[in-house]
Amino acid sequence: LLLAAVAVALMGLDRVGNRRRGDAAWRTALAAYDPRYAIFVGTNITPADSLKAWLPHLKRLDERFVLITHHDTTVDEVDKACRAAGLTVPIVFRPKFRGLEKALTPGMNAAFYVHNSLLNNQMVSRRELNHVLLNHRESEAGDNWSPMAAMYDQVFVAGRVARERFTRHDVFIPDSKFRIVGRPQVSSLEVRRPSP
């Protein structure tokens, strides 16, 4: 019902009257949808590829969520990634971080991030949410040990090596922020041990 229409770019309208009417319509629809969490897309660099790694696993949670993006160029790409994963998810486009709280609802208690982008800090500043860095891959790339990870409440990593990567690069984040969750993307792999 409301899901098909909530890929919203109304915030870009110049006329205040139209913007206010647009605000009321999508905020009412979003409140009725009542998402439990948000995925924040603060980058316009291949966001769909990053989302694809996590969407099938988020789908299994069977909880309503919303995608919030800062770039109008990512709305269609993010929507296609969701549909490819069998999800129809409201996508809220917020071109300016001022008023980002309008995309939050009372039942929302967490925000997830698939990129460790500097632009995420605007969403992370919303302290009423629990902010979780998922990241989109495990590698030695800088975003997997960046000091920016310290801004999140929790940092999900695949294992001990991923946790130690930060220390090896002299990035000190309290152990209490790390959650070792494995790598869900490889959960369907079958491990075979050689016969003795």
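This report concerns the structure included in the present document. (Residues numbered from 1 in each chain as written. Predicted model: local features only at pLDDT ≥ 70, side-chain atom pairs only at ≥ 80, totals over all residues. Heavy atoms only, no water.)

Looking now at the pairing of strand E6 (residues 154–157). Alignment of strand E5 (residues 130–133) against E6, held across 2 bridges, turns out to be parallel. Note on E6: the bridge partner recorded for valine 132 is glutamine 154. Bridge count between E6 and strand E7 (residues 178–180): 3 bridges; the pairing is parallel. Note on E7: the bridge partner recorded for valine 155 is phenylalanine 178. You can see the chain leave E6, run along helix H6 (residues 160–168) and come back into E7, and the turn it takes is right-handed. (Pairing = 2+ DSSP bridges. Helix = DSSP H or I, 4+ residues; strand = E, 2+ residues; numbered from the N terminus. Right-handed = clockwise from strand over helix to strand, strands pointing away.)

With that out of the way, let us pick up the pattern of salt bridges. Scanning the entire structure with this criterion turns up 8 salt bridges. Residue arginine 126 is joined to glutamate 128 by a salt bridge in which the shortest nitrogen-to-oxygen separation is 3.3 Å. The partly exposed category is assigned to arginine 126, whose relative accessible area is 24%. Note that arginine 160 and glutamate 164 form a salt bridge whose closest N and O atoms lie 3.2 Å from each other. With arginine 160 and glutamate 164 both in helix H6 and 4 residues apart, this pair spans about one turn of that helix. With a relative accessible area of 33%, glutamate 164 lands in the partly exposed category. Taken together, the shared-partner salt bridges in this structure form one network comprising Asp34, Arg36 and Arg64. (Salt bridge = Lys/Arg side-chain N within 4 Å of Asp/Glu carboxyl O. Buried < 20%, exposed > 50% of the residue type's maximum accessible area, 1.4 Å probe, protein only.)

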